[in-house]
Amino acid sequence: MNLSLPIFPAFDSDAYPQQVVSLKLMGGERDAETPFHQHHKCQLVMALTGFVKCKIADAIWIVPPNCAVWIPSQVPHSNQISKNASVCMLFIDPDVEGMPDKSCTLSISPLLRELISHLTVQEQDYLPASSTDKLVAVLIEQLRAMPTEQFDFPIPTEPRLNAIATQLLASPEDRRSIADWGTQYAMSERTLARLVKKEIGITFGRWRGQLHILLALQKLATGESVQRIADELGYESVSAFITFFKKTLGQSPKQYMKQRD
């Protein structure tokens, strides 16, 4: 894996015969992003502080606190790490059974979080039956039990939806109705709604809402206020944003982040 930015040390996960190896990265004074790359080992990306945004194939994934993004073997991806972030990277041989076969977000328990963090400071060329090897066995069993979350923003290949996704990413505060978006791309509201459902599998409102959740979690992780996030995402009031957040994730932004401290 070739990482071109100075905050990323030279590390080739595929050079290790061990089934699981790890790496801890520290963000610099500004956000930094790796070029697109791929490797034989699968990858788990977990942010201890700050956030990581992963671009994987046809979606963008945000790594919120106490979650991690799973990237299967040989899937091209890029990782953007926020300034001053602390991030753990776990690399797992695709022959390890019980791992997800598609990109996804996994919840990370406090125990698993500590196991992964501890592994990053061990010698990565550990021997079979060593204490580190035994720790890895426990880590894998814990990882298999973790539930999945849905913290991604799908980017369809269909040209019109791809253009809308690009616009939403550039201007997430754009709150135009689906009818307005349809007019821009010479479609009726019903036609656009059917197209979104066919290509993405969810409604237009939920699709845009997933982007807002991802961006909100990213901004919360860097300490932005709820008021400012509501403004940046185009909500009429902070209470309207909190209602949306609570309806989606079951807790207010402050409660959600506090639970994951």
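The following refers to the structure shown.

Rules used throughout
Residues numbered from 1 in each chain as written. Predicted model: local features only at pLDDT ≥ 70, side-chain atom pairs only at ≥ 80, totals over all residues. Heavy atoms only, no water. Buried < 20%, exposed > 50% of the residue type's maximum accessible area, 1.4 Å probe, protein only. Helix = DSSP H or I, 4+ residues; strand = E, 2+ residues; numbered from the N terminus. Pairing = 2+ DSSP bridges. Core = buried A, V, L, I, M, F, W, Y, C linked by side-chain atoms within 4.5 Å. Contact = heavy atoms within 4.5 Å. 1 Å grid on protein atoms, 1.4 Å probe; cavity = no way out; pocket = protein on both sides within 12 Å on 5 of 7 lines; lining within 4 Å. Points joined across faces, edges and corners; volume = space filled by probe spheres on them. Nonpolar A, V, L, I, M, F, W, Y, C, P; charged D, E, K, R; others polar. Axes fitted to C-alpha atoms, helices over the stretch in contact; angles between N-to-C directions.

## What to know about the pairing of strand β9 (residues 104-107)
In step 1: Of the two faces of β9, the one carrying C104 and L106 and the one carrying T105 and S107 are both buried.
In step 2: Pairing analysis gives four bridges linking strand β6 (residues 67-71) to β9, with the strands arranged antiparallel. Paired with W70 across the bridge in β9 is C104.
In step 3: Judged from the two bridges that link them, β9 and strand β10 (residues 148-149) form a sheet pairing that is antiparallel. Residue pairing for β10: L106 is matched across the bridge by T148.

## A short note on the nonpolar core
In step 1: Judged by nonpolar contacts, the single largest core of 35 residues is most densely connected at I164, L192, W207, F241 and F245.
In step 2: Broken down by secondary-structure element, the contributors of at least two residues to this core are α3 (159-170), α4 (178-184), α5 (189-200), α6 (204-221), α7 (226-232), α8 (238-249) and α9 (253-259).
In step 3: When residues in this core are grouped by element, the largest group, nine residues, is from α6.
In step 4: If sequence neighbours within four positions are ignored, F241 has contacts with A216, V226, I229, A230, L233, Y235 and P253.
In step 5: Counting residues in hydrophobic clusters, the runner-up holds 26 residues, among them L48, I92, V96 and M146.

## Some points on the layout of surface pockets
In step 1: There is about 250 Å³ of room inside the largest pocket.
In step 2: Along the walls of the largest pocket sit twelve residues, with Q150, Q210, I213, T248 and L249 positioned nearest its centre.
In step 3: In terms of residues, the lining of the largest pocket owes the most to one element, α6, which gives four residues.
In step 4: Each residue belonging to the lining of the largest pocket can be placed in one class, and the counts come to five nonpolar, four polar and three charged.

## So, the sheet that holds strand β3 (residues 42-49)
In step 1: If you walk across this open sheet you meet the six strands as β1-β8-β3-β6-β9-β10, and the pairing is antiparallel. Pairing within the sheet leaves two strands with one partner each, and these edge strands are β1 (20-26) and β10.
In step 2: Across the sheet, helix α1 (residues 110-119) is in contact with β1, β3 and β8 (86-92); its angle to β3 comes to roughly 105 degrees.
In step 3: Across the face of the sheet, helix α2 (residues 131-144) comes into contact with β1, β3, β6, β8 and β9 while running at roughly 95 degrees to β8.

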